[in-house]
Protein chains: 2
Amino acid sequence: MPLRSRTRKQSAATIKDVAELAGVSAMTVSRVLNDKDKVRPETRDRVLASIEALNYTPNLSARGLVKSRSFFIALFYNNPSQGYVSELLLGLLNRCRQAGYHLVIENCGPKESDWEGGIDAMLAASHFDGVILTPPVSDYSSVRAALAEAQLPYVCIAPEKEIGAAPFVETDDFVSAAGMTRHLIELGHQRIGFIKGPPEHGSSAKREAGFRAAMREANLPVSEECVVSGDYSYRSSLEASEALLALTQRPTAIFASNDDMAAAVIATAHRHALSVPDDLSVAGFDDTQIAATIWPHLTTVRQPIEAMAETAMDLLSEAWKADRAPEKAQGIVIPSELVIRDSVAGRKAE
Amino acid sequence: MPLRSRTRKQSAATIKDVAELAGVSAMTVSRVLNDKDKVRPETRDRVLASIEALNYTPNLSARGLVKSRSFFIALFYNNPSQGYVSELLLGLLNRCRQAGYHLVIENCGPKESDWEGGIDAMLAASHFDGVILTPPVSDYSSVRAALAEAQLPYVCIAPEKEIGAAPFVETDDFVSAAGMTRHLIELGHQRIGFIKGPPEHGSSAKREAGFRAAMREANLPVSEECVVSGDYSYRSSLEASEALLALTQRPTAIFASNDDMAAAVIATAHRHALSVPDDLSVAGFDDTQIAATIWPHLTTVRQPIEAMAETAMDLLSEAWKADRAPEKAQGIVIPSELVIRDSVAGRKAE
DNA sequence: CTGTTAGCGCGTTCAA
DNA sequence: TTGAACGCGCTAACAG
């Protein structure tokens, strides 16, 4: 194990120490670090050796000070499902480490209004190099305005629609929801309940539209009593599913807009002594951890959250390279896929 | 909405701008900011006004450079349950914002060995002001050694036992597990299954010990076939609970060491057409999100994760104030509480 | 109570 | 190809 060479009080080695040990000037060390101008290979090697010997790494504060960069990016989130944040973090963290960046998490509070006051000051104080917005913050106009005013590069994850020139990443909610609905229909379900997400999430409307499109495509009527509102929370879906199961013409399948709500449907079904999937098929969306944790395992749509996060970082990198913001928003959609597990079955013959 | 006063290209206001506008020197501004020496109230007010007018906030890089501080602290974690991280984050974030710190999340990889190489370099590179360790990283001796060598203040969350002089926070796993076991016993259960956590988590042994102590206290024998191993994951508990339910003398209640594993017990019970809690009572530990998400809602032990996180931050603050590390480790235990929900019932008469 | 000088560690600009 | 100055924004020391 390499011991720190500086024995006295710890105080990390500086570029000067490295320079001295290598017998060059600090400037030369800086050059090999930043790979800018060419340095004679021999010199370069000597410097590299000294860096290693001293276990040196540049001081971010100092570097940031001269370059006007902080090497930190922020993730703005607001109370999404726990599984969602966790997976997002994984993807982000990967890329961050590769790029030498650090990630700062900022919770925006439950409502947009909670933030309106502080966002400006917060942005000014933090000196982030970039920001990543997760839904529903992606659609907070106050946040986006503040970001734009501060001329801070940012990328939105799953925004409702492209606004301004901010790059964004999303999955194809419409297509995936339609795909799941088709799956249900192919299994013989005709009366399908749907639980909506909250209007402030862009994905809600798209998933609902996908559901309706597939139904229309199959010439199946969508009875409006079968489409109820939720807000992506387990609790909201407890009521919603109760309403659905209380219908005189009970649906044979229920498609919930996310996994948490699907979990609640299953709970309600159990309470009604209904077997899933024998008496009722249940489908979710997102494939967060809970999907394979509850019983029966959820048939759902796997949203590539981690890949989306990685892509978001890549988009940020591009924004830094390009000095100016691009003319039009660059949007990347990463497809989702159907994950068939145990909560959906063919409709029983009647 | 207050518009930024500097109209040209954005480039945040500096302390000099503020000083100029207030008609004082930069030093004075610095003083009102850091509240050190007293500044004449009138002057102070003028400065404050200028700060507000310019929407000024100090540049962390510059400040960090002179104070040799980064204003960032790191959270080292390793694949704990998603609910656990999420709640931890909430508590940490609260305190961080209050204290003007930012939080950096570092994933340590699934195994300690994944880290051994990089930890030194990583620590040197990051210049964190402090680190918070979550289990099982709290017990990684290589990490703790590196931290100690770097003379970086750190606090451990739920370590196996106090090692060295690092402050720590924990909940009373032993007492809580014993309490839950007593609850089961009071409801008439005598044959109780127990699913252990992984040995690398300090909490595992303590929870098991609490269980055994309560059984002994009630003069109830613990049949070793009723104590099976898990690793805090849902999947591990699928096997474990299968083994328990296959016993010729099946337990009437199962106490799983955490909620994820309890969820798997419920799934397995359902698969065996066993009703929870009528045929089998199931208890968990942690009260993470899943506890109130699955059906039936889990009777569990609420571990005050958020409060523990906040306490961890407070401990760090104290470490900063005290120039030297304290002689003996300061440990704080925050009690857990029983949360009675629907997965446990009295034992049916036979 | 307030201003001045100096320097934190690094990258830019210029000259050698 | 390399080095010497200077300054980024801020605060610790010391004046005044």
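Anyway, here's the lowdown on the structure attached to this text. Computed from a prediction, not measured in an experiment: that's the story for all the values here.

Rules behind the numbers
- Residues numbered from 1 in each chain as written.
- Chains lettered and ligands numbered in written order.
- Predicted model: local features only at pLDDT ≥ 70, side-chain atom pairs only at ≥ 80, totals over all residues.
- Heavy atoms only, no water.
- Helix = DSSP H or I, 4+ residues; strand = E, 2+ residues; numbered from the N terminus.
- Buried < 20%, exposed > 50% of the residue type's maximum accessible area, 1.4 Å probe, protein only.
- Contact = heavy atoms within 4.5 Å.
- Polar contact = N/O pair within 3.5 Å; in protein donor to acceptor, adjacent residues only side chain to side chain.
- Salt bridge = Lys/Arg side-chain N within 4 Å of Asp/Glu carboxyl O.
- Phe/Tyr/Trp six-rings, centres within 6.5 Å; stacked < 30°, edge-to-face > 60°.
- Lys NZ or Arg CZ within 6 Å of the ring centre and 35° of its normal.

**So, the overall build of chain A**
For step 1, the next point in the chain: A count of helices and strands for chain A gives 13 helices and 12 strands.
For step 2, the next point in the chain: Across the 350 residues of chain A, 55% fall into the buried class.
For step 3, the next point in the chain: Counting contacts in chain A only where the partners sit at least 6 residues apart, residues at least 24 apart contribute 72% of the total.

**Quick notes on the environment of B:Asn78**
All names here are of chain B.
For step 1, the next point in the chain: In this fold, Asn78 is placed in the loop between strand 1 (72-77) and helix 5 (82-99).
For step 2, the next point in the chain: Along the sequence, Asn78 and Asp35 sit 43 residues apart, while their C-alpha atoms lie 39 Å from each other.
For step 3, the next point in the chain: A distance of 2.5 Å separates the side chain of Asn78 from the side chain of Tyr140, its partner in a polar contact.

**Some thoughts on the pattern of salt bridges**
For step 1, the next point in the chain: Throughout the structure, instances matching the rule amount to 28 salt bridges over all chains.
For step 2, the next point in the chain: Among the ionic pairs, B:Arg212 bridges to B:Glu224, the shortest N-O distance being 3.0 Å. With B:Arg212 in helix 10 (residues 202-217) and B:Glu224 in the loop between helix 10 and strand 7 (227-229), this residue pair connects regions lying 12 residues apart in the sequence.
For step 3, the next point in the chain: Judged by relative accessible area, which is 21%, B:Arg212 ranks as partly exposed.
For step 4, the next point in the chain: The shortest N-O distance in the salt bridge between B:Asp287 and B:Arg341 comes to 2.4 Å. Within this pair, whereas B:Asp287 is found in the loop between strand 9 (281-283) and strand 10 (300-302), its partner B:Arg341 is found in the segment after strand 12 (337-339), the two being separated by 54 residues in sequence.
For step 5, the next point in the chain: The class of B:Asp287 is buried, set by a relative accessible area of 9%.
For step 6, the next point in the chain: A single salt-bridge network, built from bridges that share partners, covers A:Lys196, A:Glu208, A:Arg212 and A:Glu224.

**Quick word on the packing of aromatic side chains**
Residue and element names in this part refer to chain A.
For step 1, the next point in the chain: Applying the stated criterion across every chain yields a total of 9 aromatic pairs over all chains.
For step 2, the next point in the chain: An aromatic cluster of three or more residues is present, and its members are Phe71, Tyr101 and Trp320.
For step 3, the next point in the chain: Above the plane of the ring of Phe285 lies Arg207, whose end atom (NZ or CZ) is 3.7 Å from the centre.

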